[in-house]
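One letter stands for each residue in the lines below.
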Amino acid sequence: MRKVGIIMGSDSDLPIVKKAIDTLASFGIPYEVHIYSAHRTPVEARDFAVNARANGFGAIIAAAGMAAHLAGAIAANTTLPVIGIPCKSTTLDGIDALLSTVQMPSGIPVATVAINGAVNAALICAQILAVEDAELAKKLDDKRAKDAAAVLEKDARLQAELNAQ
Ligand code: RP5
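Residues numbered from 1 in each chain as written. Predicted model: local features only at pLDDT ≥ 70, side-chain atom pairs only at ≥ 80, totals over all residues. Heavy atoms only, no water.

Turning next to the sheet that holds strand S2 (residues 31-35). Spatially, S2-S1-S3-S4-S5 is the arrangement adopted by the five strands of the open sheet, whose pairing is parallel. The two strands at the open ends of the sheet, each matched to only one other strand, are S2 and strand S5 (111-112). Here six bridges tie strand S1 (residues 3-8) to strand S3 (residues 57-65), and the two strands are oriented parallel to one another. Among the inter-strand pairings, isoleucine 7 is bridged to a residue of S3, identified as alanine 62. (Pairing = 2+ DSSP bridges. Helix = DSSP H or I, 4+ residues; strand = E, 2+ residues; numbered from the N terminus.)

This is the structure:
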């Protein structure tokens, strides 16, 4: 199976990114994690993106906060799918990172998830890899069924509580 690359702009993004790591791990998807910044280490970020396809990656998650150019900078240097996670920092509630990540000009796409949406970023990667992987697709189906069952269980509990009143 191809690997998922997870790049974050700073170690301060790790608490958010951890959820993507855990989600990929829960599906048995191989991944590699790096701290490369579009601003502070632009050469390393570029080199990772340029070589990602040859190095066995199938998708890249790029997480950054504030003036978040990381996902766009990665996307500029690869035609692998790039999923951007706008990270909420101490100011502006993450709206700064959301707009910086999502508003890519035509031609260089970044698939942007919600602010701090690390789980969905990992799930999109899983779904991309599952296009050619029936075993992974089955795991995704099973997770959906499990999540749905959990919601219906909550509903059943709510109905029981309401009917007891
Ligand atoms: C961005 O600036 C990083 O992705 C991080 O979200 C934010 C703040 O970085 P630090 O100052 O905490 O390293 O580049």
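Now for the side chain of aspartate 13. Of note, aspartate 13 is situated in the loop between S1 and helix H1 (14-26). Buried and unpaired, aspartate 13 has arginine 40 as its nearest opposite-charge partner, separated by 7.5 Å. Filtering out sequence-adjacent residues up to four positions away, aspartate 13 remains in contact with Met8, Ala63, Ala64, Gly65 and Cys87. (Buried < 20%, exposed > 50% of the residue type's maximum accessible area, 1.4 Å probe, protein only. Lys, Arg positive; Asp, Glu negative; His and termini not counted. Salt bridge = Lys/Arg side-chain N within 4 Å of Asp/Glu carboxyl O. Contact = heavy atoms within 4.5 Å.)

Of note in the backbone geometry, methionine 66 takes a positive phi value of approximately 60° without being a glycine. Relative to the elements of secondary structure, methionine 66 occurs in the loop between S3 and helix H3 (70-75). In this structure, leucine 92 is a non-glycine residue whose phi angle is positive, near 65°. Judged by its relative accessible area of 59%, leucine 92 falls in the exposed class.

The subject of this paragraph is the site of the ligand. Taken together, Gly9, Ser10, Ser12, Asp13, Arg40, Ala64, Gly65 and Met66 make up the full set of residues adjacent to the ligand. Contact distances for the ligand include 2.6 Å between an oxygen atom and a side-chain N or O atom of serine 10. Between the ligand and aspartate 13 there is a distance of 2.6 Å, counted from an oxygen atom to a side-chain nitrogen or oxygen. For the ligand, whose accessible area on its own is 360 Å², the fraction buried by protein is 73%. Most atoms of the ligand, that is more than half of them, are within 2 Å of grid points of the largest pocket. (Near = heavy atom within 4 Å. Polar contact = N/O pair within 3.5 Å; in protein donor to acceptor, adjacent residues only side chain to side chain. Areas by Shrake-Rupley, 256 points an atom, 1.4 Å probe, with all protein chains shown as cover. 1 Å grid on protein atoms, 1.4 Å probe; cavity = no way out; pocket = protein on both sides within 12 Å on 5 of 7 lines; lining within 4 Å. Sits in = over half its atoms within 2 Å of the grid points.)

So far we have only geometry, and geometry alone does not tell us how the molecule works.
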